[in-house]
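These are the residues of each chain, in order.
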Amino acid sequence: ASLGYEGETMRVDQAREVLICMLAHSHKAGAAPLPDGISSEDVVRLTELNARRWCARFSDPVMSQLAMGPFLAEVRALLSATVESSPASSTRRRGAGGVHVVCGH
């Protein structure tokens, strides 16, 4: 409820992502503070918990292999569609340019 999602189910990785963004941008003027009762240490602990859960989920090699195939195919399809629809695609076809993947943090 303190995250503003009362009555809704929220996954741990979704909560972690929102809180990390809030923490990363908290120094900016007008940025939303962390919710009452949640400290930066709580965000670190949530991140550690989330990492352990992901490791446990994908520690089984068969599960990892089954999950990664569809995931990588989806990433490749999304990147290909982005490249083909970009205004620079005609430049790229002449040998220059490419796809730049940028992370927000």
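> Quick rundown of the overall build of the protein chain? Include the residues and the values.
Along the backbone of the protein chain there are four helices and zero strands. Scanning the protein chain from its N terminus toward the C terminus, one meets helices and strands in the order α-α-α-α. Among the 105 residues that make up the protein chain, the fraction classed as buried is 13%. A separation threshold of at least 6 residues defines the contact pool for the protein chain, and within that pool the share at least 24 residues apart is 41%. Put simply, the protein chain shows about 8,100 Å² of open surface, and 60% of that area lies on carbon and sulfur atoms.

> Please provide a residue-by-residue account of the pattern of salt bridges, values included.
Think of it this way: side chains of opposite charge can pair up when their charged atoms draw near. Overall, the coordinates contain two salt bridges when judged by the stated rule. With its nearest N and O atoms 3.1 Å apart, the salt bridge here joins E17 to R16. With a relative accessible area of 37%, E17 lands in the partly exposed category. Residue classification places R16 among the buried residues on the basis of a relative accessible area of 17%. One salt bridge in this structure joins R45 and D42, with 2.4 Å as the shortest N-O distance. Residue R45 and its partner D42 are both found in helix α2 (residues 40–57); the two are separated by three residues, about one turn of the helix. Residue D42 is classed as partly exposed on the basis of its relative accessible area, which comes to 25%.

Cut-offs and rules
- Residues numbered from 1 in each chain as written.
- Predicted model: local features only at pLDDT ≥ 70, side-chain atom pairs only at ≥ 80, totals over all residues.
- Heavy atoms only, no water.
- Helix = DSSP H or I, 4+ residues; strand = E, 2+ residues; numbered from the N terminus.
- Buried < 20%, exposed > 50% of the residue type's maximum accessible area, 1.4 Å probe, protein only.
- Contact = heavy atoms within 4.5 Å.
- Areas by Shrake-Rupley, 256 points an atom, 1.4 Å probe, with all protein chains shown as cover.
- Salt bridge = Lys/Arg side-chain N within 4 Å of Asp/Glu carboxyl O.

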